[in-house]
Amino acid sequence: QLQLVESGGGLVQPGGSLKLSCTASGFTLASYAVSWFLQAPGKEREAVSCISRVGNFRKYVDSVKGRFNISRDNAKNTVTLQMNSLKPGDTGVYFCASREAYYFCSGYKSGAYVQWGQGTQVTVSS
């Protein structure tokens, strides 16, 4: 019954914005580092942003740096990914994942993340 649920995806034009939310149920997200992954068509699932459990340390992959912002509201058990200036290359399924740690940001193939959401589709197209 422990799960993460992503929401906020959709269709947006290039240059537009979306806000994705990752909400935990059944556990307290404040004790977990959280990462956002992108599964782009035909590409490996890759972490695009990570945040420490109190939000003081944040990481972004180079391709989204300056355009995306990760934040968290532990009182709401939620981590958000604000995506601005979206490009077609941002298209894909976005997943959030967590691990009980102060900070954790690893690859999908590590198998180290404990909780995964079901994903939310983001399509950037004219």
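Notes on the structure in this doc start here.

As for the overall build of the chain
And step 1. Looking only at helices and strands, the chain has zero helices and 11 strands in total.
And step 2. Counting from the amino terminus, the chain carries its helices and strands in the arrangement β-β-β-β-β-β-β-β-β-β-β.
And step 3. Against the globule reference of 14 Å for 126 residues, the chain gives a C-alpha radius of gyration of 13 Å, in line with a compact fold.
And step 4. Judged by the C-alpha coordinates and their principal axes, the chain covers about 40 × 30 × 25 Å.
And step 5. Across the 126 residues in the chain, those meeting the buried criterion constitute 46%.
And step 6. A separation of at least 24 residues holds for 61% of the contacts in the chain among residues at least 6 apart in sequence.
And step 7. Accessible area for the chain stands at about 6300 Å²; split by element, carbon and sulfur atoms hold 48% of it.
And step 8. Seen as two clouds, the 13 positive and the 7 negative side-chain charges of the chain have centres 3 Å apart.

Quick notes on the pattern of salt bridges
And step 1. Within this structure, the stated rule accounts for three salt bridges.
And step 2. Across the pair lysine 109 and glutamate 44 runs a salt bridge, and its minimum N-O distance is 3.6 Å. One end of the pair, lysine 109, is in the loop between strand 9 (92–99) and strand 10 (115–116); the other, glutamate 44, is in the loop between strand 4 (33–39) and strand 5 (46–51), and 65 residues separate them in sequence.
And step 3. Taking the relative accessible area as the measure of exposure, lysine 109 reaches 72% and is therefore exposed.

Observations regarding the nonpolar core
And step 1. Counting 27 residues, the largest nonpolar core has Leu29, Trp36, Phe68, Val79, Leu81, Met83 and Tyr94 as the members making the most contacts within it.
And step 2. Elements with a contribution of two residues or more to this core: strand 3 (18–25), strand 4, strand 5, strand 7 (68–73), strand 8 (78–83), strand 9 and strand 11 (120–124).
And step 3. Per-element accounting of this core gives the leading share, four residues, to strand 3.
And step 4. By size, the runner-up hydrophobic cluster in this structure holds 10 residues, among which are Ala33, Cys50, Ala97 and Tyr113.

Examining the sheet that holds strand 3
And step 1. Taken together, the four strands give an open sheet; going across it, the order is 1-3-8-7, and neighbouring strands pair in antiparallel fashion. Looking at which strands have only one partner, the edges of the open sheet turn out to be strand 1 (3–7) and strand 7. The sheet shows a mean angle of 15° between the axes of neighbouring strands, taken without regard to direction.
And step 2. The sheet contact formed by strand 1 and strand 3 spans five bridges and is antiparallel. Note on strand 3: the bridge partner recorded for leucine 4 is alanine 24.

Section: the state of the cysteines
And step 1. For the structure shown, the criterion picks out two disulfides.
And step 2. Taking only the cysteines that form disulfides and numbering them from first to last, the chain has the pattern 1-3, 2-4.

Conventions and cut-offs
- Residues numbered from 1 in each chain as written.
- Predicted model: local features only at pLDDT ≥ 70, side-chain atom pairs only at ≥ 80, totals over all residues.
- Heavy atoms only, no water.
- Helix = DSSP H or I, 4+ residues; strand = E, 2+ residues; numbered from the N terminus.
- Rg over C-alpha atoms; globule rule 2.2 N^0.38 Å.
- Buried < 20%, exposed > 50% of the residue type's maximum accessible area, 1.4 Å probe, protein only.
- Contact = heavy atoms within 4.5 Å.
- Areas by Shrake-Rupley, 256 points an atom, 1.4 Å probe, with all protein chains shown as cover.
- Lys, Arg positive; Asp, Glu negative; His and termini not counted.
- Charge placed at Lys NZ, Arg CZ, Asp CG, Glu CD.
- Salt bridge = Lys/Arg side-chain N within 4 Å of Asp/Glu carboxyl O.
- Core = buried A, V, L, I, M, F, W, Y, C linked by side-chain atoms within 4.5 Å.
- Pairing = 2+ DSSP bridges.
- Axes fitted to C-alpha atoms, helices over the stretch in contact; angles between N-to-C directions.
- Disulfide = S-S within 2.5 Å.

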